[in-house]
Amino acid sequence: MDMETPRETPKPNIRGRIKQQKTELIQEEILDAASRLIAARGFRAVTVDDISAEMGFTKSIVYYYMKNKNEILWRIFEKIDETYASGLEAALKAGGSPTEALARVVKMHAHNVMTHQEWSMIYNRDENELTEEQRATVTANRRKYNKQIQDLYATGIKAGEFRDGDPFLAVSCLIGACNWPYTWFRRTSSKYSAEDVASAFADQLIQGVAKVRES
């Protein structure tokens with residue numbers, strides 16, 4: 001019987017991987033520079049020239065990796081949504097009681113707000129600069145995120161751990177409180193770290209929704 005000639009194992013496309021890594025790195029730099037400028041000045045006041053100057057690049061390089069200024073803003077929103085969604089997933093998968101899970105969620109959310117203040121400013125102020133389709137996607141992502149936390153809260157009510165109230169209103173209160181530090185927290189001058197503030201928020205806010213035990 002004839003023996004088949006062994007086929008050569010395809011070699012990894014090293015050049016392709018290097019090119020992809022380079023693209024991702026430069027795109028990340030563009031988004032970081034754009035986030036700083038847009039948060040400080042507002043979307044309409046920032047030009048692609050400003051972004052390229054902030055990076056020390058030419059404008060043509062920015063346009064090579066991003067179609068236009070709208071794509072840059074949209075990619076920032078995508079990055080924000082992905083970061084919060086993955087943080088929520090990790091907090092929910094960690095297990096424990098509803099109280100423990102909700103405390104992790106609150107701490108995660110507040111910590112992200114303070115460590116990514118530029119994102120928080122942009123997310124709360126510049127959504128109207130997106131296209132109608134993009135805004136619809138942002139709204140859907142936000143509703144999904146909040147609904148997961150509302151479901152957790154409802155589970156806590158059934159377990160007798162949280163006050164019997166409307167999960168929508170309770171979670172709106174919690175997330176609203178967590179969003180607020182971006183207006184006053186300053187990483188370089190605050191005597192508290194983001195970790196300190198996030199932990200305090202988790203402790204105080206969870207106490208606020210905890211069901212009072214009858215003695």
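You'll find the structure just up there.
Residues numbered from 1 in each chain as written. Predicted model: local features only at pLDDT ≥ 70, side-chain atom pairs only at ≥ 80, totals over all residues. Heavy atoms only, no water.

> Explain the environment of D50 to me, please; I cannot follow it from the model alone.
With respect to the element layout, D50 can be found in helix 2 (residues 48-55). D50 sits 53 residues away from A103 along the chain, and the two C-alpha atoms are 40 Å apart. Once residues within four sequence positions are removed from consideration, D50 is found in contact with L37, R41 and A45. A distance of 2.9 Å separates a polar atom in the side chain of D50 from the backbone nitrogen of T47. (Helix = DSSP H or I, 4+ residues; strand = E, 2+ residues; numbered from the N terminus. Contact = heavy atoms within 4.5 Å. Polar contact = N/O pair within 3.5 Å; in protein donor to acceptor, adjacent residues only side chain to side chain.)

> Honestly, the pattern of salt bridges in this entry has me stumped. Any pointers?
The final tally for this structure, using the stated rule, is twelve salt bridges. Here K79 and D32 are joined by a salt bridge, their closest N and O atoms 3.6 Å apart. Taken together, the residues K79 in helix 4 (residues 69-93) and D32 in helix 1 (residues 14-41) connect sequence positions 47 residues apart. Under the relative-accessibility criterion, D32 is labelled partly exposed at 32%. Taking the shortest distance from any N to any O, the salt bridge between E71 and R75 comes out at 3.8 Å. Here the residue E71 and the residue R75 both occupy positions in helix 4, the gap between them amounting to four residues, near one helical turn. (Salt bridge = Lys/Arg side-chain N within 4 Å of Asp/Glu carboxyl O. Buried < 20%, exposed > 50% of the residue type's maximum accessible area, 1.4 Å probe, protein only.)

> Could you clarify how one ought to interpret the packing of helix 5 (residues 98-115) against helix 9 (residues 194-209) in this entry?
Each pair of packed helices can be summarised by the angle the axes make with each other and by the distance between the axes. For the pair helix 5 and helix 9, the least separation of the axes is 8 Å and the interaxial angle reads 140°. It follows from the interaxial angle that helix 5 and helix 9 lie oblique. Helix 9 is crossed by helix 5, and the crossing has right-handed handedness. Between helix 5 and helix 9, the contacting residues are T99, L102, A103, V106, K107, A110, H111, M114 and T115 on the first element and A194, E195, V197, A198, S199, F201, A202, L205, I206 and V209 on the second. In terms of residue class, the contact of helix 5 with helix 9 is built from 13 nonpolar, four polar and two charged. (Axes fitted to C-alpha atoms, helices over the stretch in contact; angles between N-to-C directions. Parallel < 35°, antiparallel > 145°, perpendicular 65-115°, else oblique. Left-handed = near helix turned anticlockwise from the far one by under 90°. Nonpolar A, V, L, I, M, F, W, Y, C, P; charged D, E, K, R; others polar.)

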